[in-house]
Amino acid sequence: MDIKAFKETFDPILKDYVDIKTNQAKALLNDERLNSYIDYIQDFLFSGGKRIRPYVMRLTYRWFGGKSDEDAMKFAIVFELLHSMALIHDDVIDQADKRHNIPSMHKYIATKLIDEKWRVWESQAILIWDLIFSRVYELSNKEHNFPSTLLTKARENLHSMIEEVILGQMIDVDMMAQESAPYELIEKKNYYKTASYTFIRPMLTWAILADADQESQNLIIDLGKYLWLAFQLRDDMMDITFWDPTKSPFSDIQEGQQTYFTNYIFTHWTDQQKKILYNSMGKRLSTDQIQDLQKMFEESWALIQWEKLLQEYSEKSSTILEKISFENTLAKEWFIMLIKKIAKI
């Protein structure tokens with residue numbers, strides 16, 4: 001199934017689990033305002049996420065001939081909860097007002113308070129993060145229908161992913177204090193926050209649980225790297241060309257994020273343009289300022305360079321797929337479609 005059909009199948013399973021945990025937490029709190037925060041976890045989880053992590057997990061599971069979707073879906077919930085947890089943290093750090101066209105967690109909590117006590121609503125959002133993390137721990141340590149030795153390795157892989165995404169976020173926050181981050185640091189940040197977190201570790205989880213040989217695992221790592229590079233370039237590009245309706249234009253720059261495109265300007269363009277970009281980083285921009293920035297990026301040839309790289313990474317992902325022996329040929333077809341979707345604008 002494609003990612004849209006997968007989401008329609010996966011979301012009810014995720015909701016059943018979240019409903020149980022929501023009712024448990026609300027019974028313990030028994031407080032109208034605090035219970036509204038717990039209820040908002042559901043709104044946040046089902047506000048438009050793509051479910052790409054559980055999707056690539058399922059494709060990999062099918063890749064190795066897996067037939068019990070029930071087992072796959074249950075373990076996949078862990079990765080989707082982790083993703084929502086990371087978004088809540090990310091929004092607090094970036095002071096983001098919205099996520100998927102609804103208020104971010106801390107901004108929603110702020111609407112429930114009489115005064116704008118930012119420390120209270122940010123603190124509550126962090127505690128919601130902690131609550132979701134406890135559920136990740138609970139789910140990942142439950143008994144699943146896999147050999148215990150493989151399950152232990154899968155949990156170790158999951159723990160590595162958690163550490164990597166936190167370290168990637170530390171790099172990301174530190175770069176906000178830098179005038180121009182080097183390409184290598186941007187790449188390391190994106191590797192931890194996107195490659196490992198979105199593709200490599202979720203896919204490796206099912207390779208491990210399927211007891212895949214080391215050669216297959218190495219191919220998964222290579223495939224995940226190029227899927228990541230294409231995915232990240234596409235995401236960065238969408239921020240400066242207004243393609244994503246769920247994000248404010250130039251939100252990365254307004255949040256002070258260092259991307260491949262900001263690095264390109266700082267590395268290849270004129271001192272005047274570098275100054276304009278530097279003075280825009282981490283600030284609220286007017287419509288005129290956004291239009292001027294978009295024109296500058298277009299004139300810099302950054303977008304043309306992006307198109308070439310996106311095509312290159314997509315082709316490399318497809319080449320790796322041809323080296324892989326699939327027990328389920330449909331899984332290969334859906335991987336090819338995923339690559340095309342990531343590469344398409």
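Here's what I pulled together on the structure shown here. (Residues numbered from 1 in each chain as written. Predicted model: local features only at pLDDT ≥ 70, side-chain atom pairs only at ≥ 80, totals over all residues. Heavy atoms only, no water.)

### Some words on the nonpolar core
Basically, it comes down to this: We call a set of buried residues a nonpolar core when its members are Ala, Val, Leu, Ile, Met, Phe, Trp, Tyr or Cys and they connect through side-chain atoms within 4.5 Å of each other. When accessible area is computed with a 1.4 Å probe and restricted to protein chains, residues below 20% of their type maximum are described as buried, those above 50% as exposed, and intermediate ones as partly exposed. Counting from the N terminus, the helices are the DSSP runs of H or I reaching at least four residues and the strands are the DSSP runs of E reaching at least two. Any two residues whose heavy atoms approach within 4.5 Å at even a single point are treated as in contact.
Counting residues in each nonpolar core, the largest one holds 107 residues, and the members touching the most others are Trp63, Leu81, Met105, Met203, Leu223 and Leu277. The biggest single contributor to this core is helix H4 (residues 69-94), with 13 residues. With near-sequence residues (within four places) excluded, Leu81 lies in contact with Leu14, Tyr17, Leu45, Ile132, Arg135, Val136 and Leu139.

### Things to note about unusual backbone geometry
With a phi close to 50°, Asn30 is a non-glycine residue in the positive phi region. With respect to the secondary-structure elements, Asn30 resides in the loop between helix H1 (3-29) and helix H2 (32-45). Taking the relative accessible area as the measure of exposure, Asn30 reaches 67% and is therefore exposed.

### Looking at helix H12 (residues 271-280)
For clarity, the cut-off: As used here, the arc belongs to the directions running from the helix axis to the C-beta atoms.
Residues of H12 that are buried: Gln273, Leu277 and Ser280. Angularly, the buried residues of H12 cover 60° about the axis, an arc narrow enough to put them on a single face. Summarising the geometry of H12, the exposed residues directed more than 90 degrees from the buried face are Asp271, Gln272 and Lys275. Looking at the buried residues of H12, the elements they touch are helix H10 (251-254), helix H11 (260-268) and helix H13 (287-299). Of the residues one or two after H12, Gly282 is the one with positive phi, at around 75°.

### With respect to the pattern of salt bridges
Side chains bearing opposite charge may pair, as long as their charged atoms lie close to each other. Applied cut-off: A pairing counts as a salt bridge when a side-chain nitrogen of Lys or Arg comes within 4 Å of a carboxyl oxygen of Asp or Glu.
A complete count under the given rule lists 15 salt bridges for this structure. A salt bridge links Asp11 to Lys7; the shortest N-O distance between them is 3.1 Å. You can see Asp11 and its partner Lys7 sitting in helix H1, 4 residues apart, about one turn around the helix. With a relative accessible area of 15%, Asp11 lands in the buried category. Notably, a salt bridge pairs Lys107 with Asp97, separated by 3.7 Å at the nearest N-O pair. Remark: Asp97 occurs in the loop between H4 and strand S1 (98-99) and Lys107 occurs in helix H5 (residues 105-111); sequence separation between them is 10 residues. On the accessibility criterion, Lys107 (27% relative accessible area) is partly exposed.

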